[in-house]
Amino acid sequence: MPQSPADALFEPLTEEAVASAFDYLRAVQAGDARTAGDLVVAEPRMPAFLTGIAEGIVEAGTSLPGPDDDAPTWDSFTLEALGKVFLHALRNWQQAGPDAAPGIAQTVISFVTAILCEEHDDIAHALAVYESCAKGRLLLDARAASAAAYPVNTTAP
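First, a word on what this report is: a plain description of the structure on this page. (Residues numbered from 1 in each chain as written. Predicted model: local features only at pLDDT ≥ 70, side-chain atom pairs only at ≥ 80, totals over all residues. Heavy atoms only, no water.)

1. Topic: the packing of aromatic side chains
Applying the stated criterion across every chain, the model contains 1 aromatic pair. Between F86 and F111 the ring centres are 4.6 Å apart and the planes differ by 15°, which places this aromatic pair in the stacked class. Of this pair, F86 sits in helix 4 (residues 74-94) while F111 sits in helix 5 (residues 101-116), placing them 25 residues apart in sequence. Neither F86 nor F111 differs from the other in exposure class; each is buried. (Phe/Tyr/Trp six-rings, centres within 6.5 Å; stacked < 30°, edge-to-face > 60°. Helix = DSSP H or I, 4+ residues; strand = E, 2+ residues; numbered from the N terminus. Buried < 20%, exposed > 50% of the residue type's maximum accessible area, 1.4 Å probe, protein only.)

2. Points about the pattern of salt bridges
According to the stated counting rule, one finds 4 salt bridges in the structure shown. Across the pair D23 and R26 runs a salt bridge, and its minimum N-O distance is 3.1 Å. Within this pair, D23 and its partner R26 are both found in helix 1 (residues 15-30), separated by 3 residues, close to a single helical turn. With relative accessibility at 36%, the residue D23 sits in the partly exposed group. Note on R26: relative accessible area 27%, which makes it partly exposed. What emerges from the salt-bridge pattern is a single network uniting D23, R26 and E131. (Salt bridge = Lys/Arg side-chain N within 4 Å of Asp/Glu carboxyl O.)

What follows is the structure, encoded as structure tokens:
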């Protein structure tokens, strides 16, 4: 069965796309409409970038516990399901084009604030942490791709 554009696999983000998306999130969070507007004009794919960023944030914040963690609870399954629904809605919304960027950004910020931040956390700090994680993930993905493209021969001749 063919996928809808909203369900299609998202193209991996580049480091520049990650930086641009987080710059936009920070501008929206700070209420800096001018900078946010300039960023959207410079990058009309911003809604897709924001959705890609949201995927990483939601995956990190809502995924079920691993084998070394405590057993999953009902809340764990509920949060993971909520994250999937949230991402599906963002993917649909991004189809509206650049005009969707402000709403998607506000929604991502609200999600991080309401679901993933503790009461004492600063949203700007949380966004910086998620940006570092996203860039680290890009580095790991690049290393894995490089290793697959250029396998190292570990056998002795």
